[in-house]
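The chain contents come next:
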Amino acid sequence: MRRIRTIDDVLPSDRGACAAIGNFDGVHLGHQAILDRAREAAPDASRAVLTFEPHPREVFAPDAPPFRLMRPDTRAHRLEKLGLDLLFEIEFDRVRDLSPEAFCAEICAATLGLTHAVVGEDFRFGKGRAGDAEAFVRLGETNGFGVTILPAFGLGDGASRVSSSGVRAALEEGRPRDAAAMLGHWHRVDGPVEHGDKRGRTLGYPTANLGMEGLLLPKLGVYAVLVDILDGPHAGSWQGVASLGVRPMFDGGAAKLETFLFDFDGDLYGTEISVALVEFLRPEEKFDGIETLIAQMDRDKAEARAVLEAL
């Protein structure tokens, strides 16, 4: 997959694609349906995603709590796994003040030379979100590219609509399996293992720690997790138990995901890992002493093992 992070890097060979357009946060089943339709709509064209960085919501509400389900690199990796040819990550500042007409003419037609575009029925575009999906169809005809509008994607009988906001709600309520049903994959937190205070070693539970900066915080607490070590000498897949929280018994501070890998012995600092949240076990707590904490961690480990062995 070719990843293009500025419209200045678009090459003549990148033109002529069929693009699915949207934010694609989470790359959930609805997003995947749009990608599938893009392949069907123009089977001879390159399949692309057109999205924007930073996410428009981060621009217009910079002080709001983080909401993103995945960082751009994680999204790109997921899209590549789905067989995408091109990922256009257009700078939002370059398009935020364009009218719907200018966006279609200058970006979709003149810069990208789209053959076709696929959008969801709730698609909005242009300054002030002035354009809707039907307007996009009309403007596509004017500018020489076709447009397909895809209805909202639902689970089962279609009554339960799949959306990024629905995934966020499930995670914030401690329902990672419900989130996974909408995503089509486990919700994951990816990144390099960070140095911490190494207190877990003294408790018999050394952890691999990931920062949560810029990401939605699922419900704080303890989770059964699946872990992929993505590089280095220990690359592979492991089971584990993780604590997502602010460590109320100790220093507090910014939330981290601290993961204990079962039956693992090795140094992971700086290694890229991916932690999948499988089941919420209990909320974060403050215990009355270290012995009580360790006893609870032993129970958490046993419960997480049982959950993961039943998958």
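This report concerns the structure included in the present document. Bear in mind the structure is a predicted one, so any value in this text is a computation, not a measurement.

1. Remarks on the overall build of the protein
The helix and strand inventory of the protein stands at nine helices and 16 strands. Taking 2.2 N^0.38 as the reference for a compact globule, 311 residues should give roughly 19 Å; the C-alpha atoms of the protein span a radius of gyration of 22 Å, in line with that estimate. Principal-axis analysis of the C-alpha atoms gives the protein an extent of 70 × 40 × 35 Å. The burial tally for the protein puts 50% of its 311 residues in the buried class. Within the protein, contacts between residues separated by at least 24 positions form 73% of all contacts whose residues are at least 6 apart in sequence.

2. Some remarks on the packing of aromatic side chains
The geometry of two aromatic rings is summed up by the distance between their centres and the angle between their planes. All chains considered together, the criterion is met by 11 aromatic pairs. Relative to Phe262, the ring of Phe260 has its centre 6.2 Å away and its plane inclined at 65°; by these criteria the two rings are edge-to-face. Judged by its relative accessible area of 12%, Phe260 is buried. Taking the relative accessible area as the measure of exposure, Phe262 reaches 3% and is therefore buried. Taken together, the ring pairs connect Phe52, Phe103, Phe123, Phe125, Phe136 and Phe145 into an aromatic cluster. Positioned above the aromatic ring of Phe67, the side-chain terminus of Arg57 is 4.0 Å from the ring centre. One residue, Arg305, lies across the ring of Phe262, its end atom 4.4 Å from the ring centre.

3. Here's the deal with the pattern of salt bridges
If you walk through the whole model with that rule in mind, you get 21 salt bridges. The partner of Glu53 in a salt bridge is Arg68, with the nearest N and O atoms 2.8 Å apart. Of this pair, Glu53 sits in strand β3 (residues 47–53) while Arg68 sits in the loop between α2 (56–60) and α3 (72–81); the two residues are 15 residues apart in sequence, bridging distant segments of the chain. Here Glu53 matches Arg68 in class, with each residue buried. Members of the salt-bridge network, linked through shared partners, are Arg3, Glu53, Glu58, Arg68, Asp73, Arg75 and Glu89.

4. Details of the layout of surface pockets
Quantified by volume, the largest pocket comes out at close to 1000 Å³. If you trace the largest pocket, you find 40 residues lining it, with Gly22, Asn23, Asp122, Arg124 and Arg129 closest to the centre. Sorting the residues of the lining of the largest pocket by element identifies α1 (29–41), α2, β6 (124–125) and α6 (164–172) as the ones contributing at least two each. For the lining of the largest pocket, the residue count by class is 17 nonpolar, 12 polar and 11 charged.

5. Notes on the sheet that holds strand β13 (residues 221–229)
If you walk across this open sheet you meet the six strands as β11-β16-β13-β14-β15-β12, and the pairing is antiparallel. Sheet topology places β11 (187–192) and β12 (208–211) at the edges, where each strand pairs with a single neighbour. For this sheet, the mean angle separating the axes of adjacent strands, direction not counted, is 35°. Looking at chain direction, β13 and strand β16 (residues 272–283) are connected through nine bridges and run antiparallel. The partner of Asp228 across the bridge, within β16, is Ser274. Across the sheet, helix α9 (residues 290–309) is in contact with β13, β14 (236–245), β15 (256–261) and β16; its angle to β16 comes to roughly 105°.

About the criteria used
Per-chain numbering applies: the sequence of each chain, read as written, is numbered from 1 onward. Only residues with pLDDT of at least 70 get local features here, since the model is predicted, and only at 80 or more are side-chain atom pairs given and counted; chain-wide, interface and lining totals rely on the full set of residues. The basis for the side-chain values is all heavy atoms of the structure; hydrogens and waters are excluded. A helix here means a DSSP run of H or I that spans at least four residues, while a strand means a run of E at least two residues long, and both kinds are numbered starting from the N terminus. Radius of gyration: over C-alpha atoms. The globule rule applied is 2.2 Å multiplied by the number of residues raised to the 0.38 power. Exposure classes here rest on a 1.4 Å probe applied to the protein chains alone. A residue is buried below 20% of its type maximum, exposed above 50%, and partly exposed in between. Working rule for contacts: check all heavy atoms of both residues, and any pair within 4.5 Å makes them a contact. In summary, the pairing rule links any two rings of Phe, Tyr or Trp, Trp by its six-membered ring, whose centres are within 6.5 Å, and it sorts them by plane angle into stacked for under 30 degrees, edge-to-face for over 60 and tilted for everything else. Lysine and arginine charges are scored as sitting over a ring when NZ or CZ, respectively, is within 6 Å of the ring centre and within 35 degrees of the ring normal. Just to be clear on terms, a salt bridge is a Lys or Arg side-chain nitrogen sitting within 4 Å of an Asp or Glu carboxyl oxygen. Whether a set of points on the 1 Å grid over the protein atoms alone is a cavity depends on a 1.4 Å probe fitting there but being unable to get out, while an open set qualifies as a pocket with protein on both sides within 12 Å along at least five of seven lines; lining residues are those with an atom within 4 Å of a point. Grid points are joined across faces, edges and corners, and a volume is the space filled by probe spheres set on the points. Polar here means any residue outside two lists: the nonpolar Ala, Val, Leu, Ile, Met, Phe, Trp, Tyr, Cys and Pro, and the charged Asp, Glu, Lys and Arg; Gly therefore counts as polar. In this description, strands pair whenever DSSP reports at least two bridges between them. Note on geometry: axes are lines fitted to C-alpha atoms, helical ones only across the stretch in contact, with angles between N-to-C directions running from 0 to 180 degrees.

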